[in-house]
Amino acid sequence: MSSELAKPKHASIVDLSRMLVMPALEPSRQRERIAAMERDLILPVKLLLVIYLFFNVFLSEWFWDPVTTRELIQEIIKWIFFTYALLNVIAARIFLASDTIPLGTLRATVMGSCIIDSLMLACLTFITDGFDSSLYFVFLALVVRNVNSMPAMGPQLFLQLTTNLSYIFAGLMDLWIT
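Predicted, not measured: the structure shown is a model, and the values here were computed from it.

Here's the deal with helix H7 (residues 153-177)
Logical step 1: Taking 1.5 Å of rise per residue, the 25 residues of H7 would be expected to cover 36 Å, and the 36 Å separating its terminal C-alpha atoms lies within 8% of that figure.
Logical step 2: Every buried residue belonging to H7 is among Gln156, Leu159, Gln160, Thr162, Thr163, Ser166, Tyr167, Ala170, Gly171, Asp174 and Ile177, and all of these are buried.
Logical step 3: Here the buried face of H7 lies against helix H4 (69-96), helix H5 (103-127) and helix H6 (136-149).

Laid out in structure tokens, this is it:
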């Protein structure tokens, strides 16, 4: 009892910080988690999204001839979409062969995939009224995906910061343009 009373106050903070640290997953478990999340769940959703966006970006009246700054930015977003689709094809190839790809390459691919998804979603948020966009809830889904796909705390914090900043940037760009 007297040893607890003699314990310095900062020791309880250290104990609390140890509780917040997520234990490292074994490499085989990390590989299974990436395959389950990225290959089995995210890839089919992305395929549907890319098909839908292709139709709306290139085959519909969603975009028009660039005259204003907003329309010029929307024209640039067409090329960003093309790059996004190409990068997703490369990532899909890696995720589909996840059993034979080194774990470091899988982690880097997950990180890159999460970042490009966040940036593409920011572009779509800009097109759909910035802070008033209904795509806000998709950013929340990205946050959940980042937590599940990247269990290490450092990369996870970086991804969350990137996701949040891309949403803020898209909203501010919309305010600045209008």
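Now that the structure has been shown, the text picks up again.
Let's talk about the packing of aromatic side chains
Logical step 1: Counted under the stated rule, the structure contains 5 aromatic pairs.
Logical step 2: Here Phe131 and Tyr167 contribute two aromatic rings whose centre-to-centre distance is 5.6 Å and whose plane-to-plane angle is 70 degrees, an arrangement assigned as edge-to-face. A residue pair is termed long-range when its members are at least 10 positions apart, and Phe131 in the loop between H5 and H6 and Tyr167 in helix H7 qualify at 36 residues.
Logical step 3: Site record: aromatic cluster; members linked through ring pairs are Phe131, Tyr136, Phe137, Phe139 and Tyr167.

Examining H6
Logical step 1: End to end, H6 covers 20 Å across 14 residues, agreeing with the expected 20 Å (1.5 Å per residue, within 8%).
Logical step 2: Three or more residues of H6 are buried, namely Phe139, Leu142, Arg145, Asn146 and Ser149. Taken down its axis, H6 places every buried residue within 110 degrees of arc, on the same side.
Logical step 3: On its buried side, H6 packs onto helix H3 (27-58), H5 and H7.

Some remarks on the pattern of salt bridges
In a structure, side chains of opposite charge can pair up when their charged atoms sit close to one another.
Logical step 1: Under the definition given, this model contains 6 salt bridges.
Logical step 2: Between Glu75 and Lys78 there is a salt bridge, and its shortest N-O distance comes to 3.8 Å. Of the two residues, Glu75 and Lys78 are both situated in helix H4; the distance of 3 residues between them amounts to about one turn of the helix.
Logical step 3: Residue Glu75 is classed as partly exposed on the basis of its relative accessible area of 23%.
Logical step 4: Using a relative accessible area of 17% as the deciding quantity, one classes Lys78 as buried.
Logical step 5: Its salt-bridge partner being Asp117, residue Arg145 comes within 2.3 Å of it at the nearest N-O pair. Here Asp117 lies in helix H5 and Arg145 lies in helix H6, a separation of 28 residues in the sequence.
Logical step 6: By relative accessible area, Arg145 is classed as buried at 4%.

Conventions adopted
- Residues numbered from 1 in each chain as written.
- Predicted model: local features only at pLDDT ≥ 70, side-chain atom pairs only at ≥ 80, totals over all residues.
- Heavy atoms only, no water.
- Helix = DSSP H or I, 4+ residues; strand = E, 2+ residues; numbered from the N terminus.
- Expected span 1.5 Å × (residues − 1).
- Buried < 20%, exposed > 50% of the residue type's maximum accessible area, 1.4 Å probe, protein only.
- Contact = heavy atoms within 4.5 Å.
- Phe/Tyr/Trp six-rings, centres within 6.5 Å; stacked < 30°, edge-to-face > 60°.
- Arc of directions from axis to C-beta.
- Salt bridge = Lys/Arg side-chain N within 4 Å of Asp/Glu carboxyl O.

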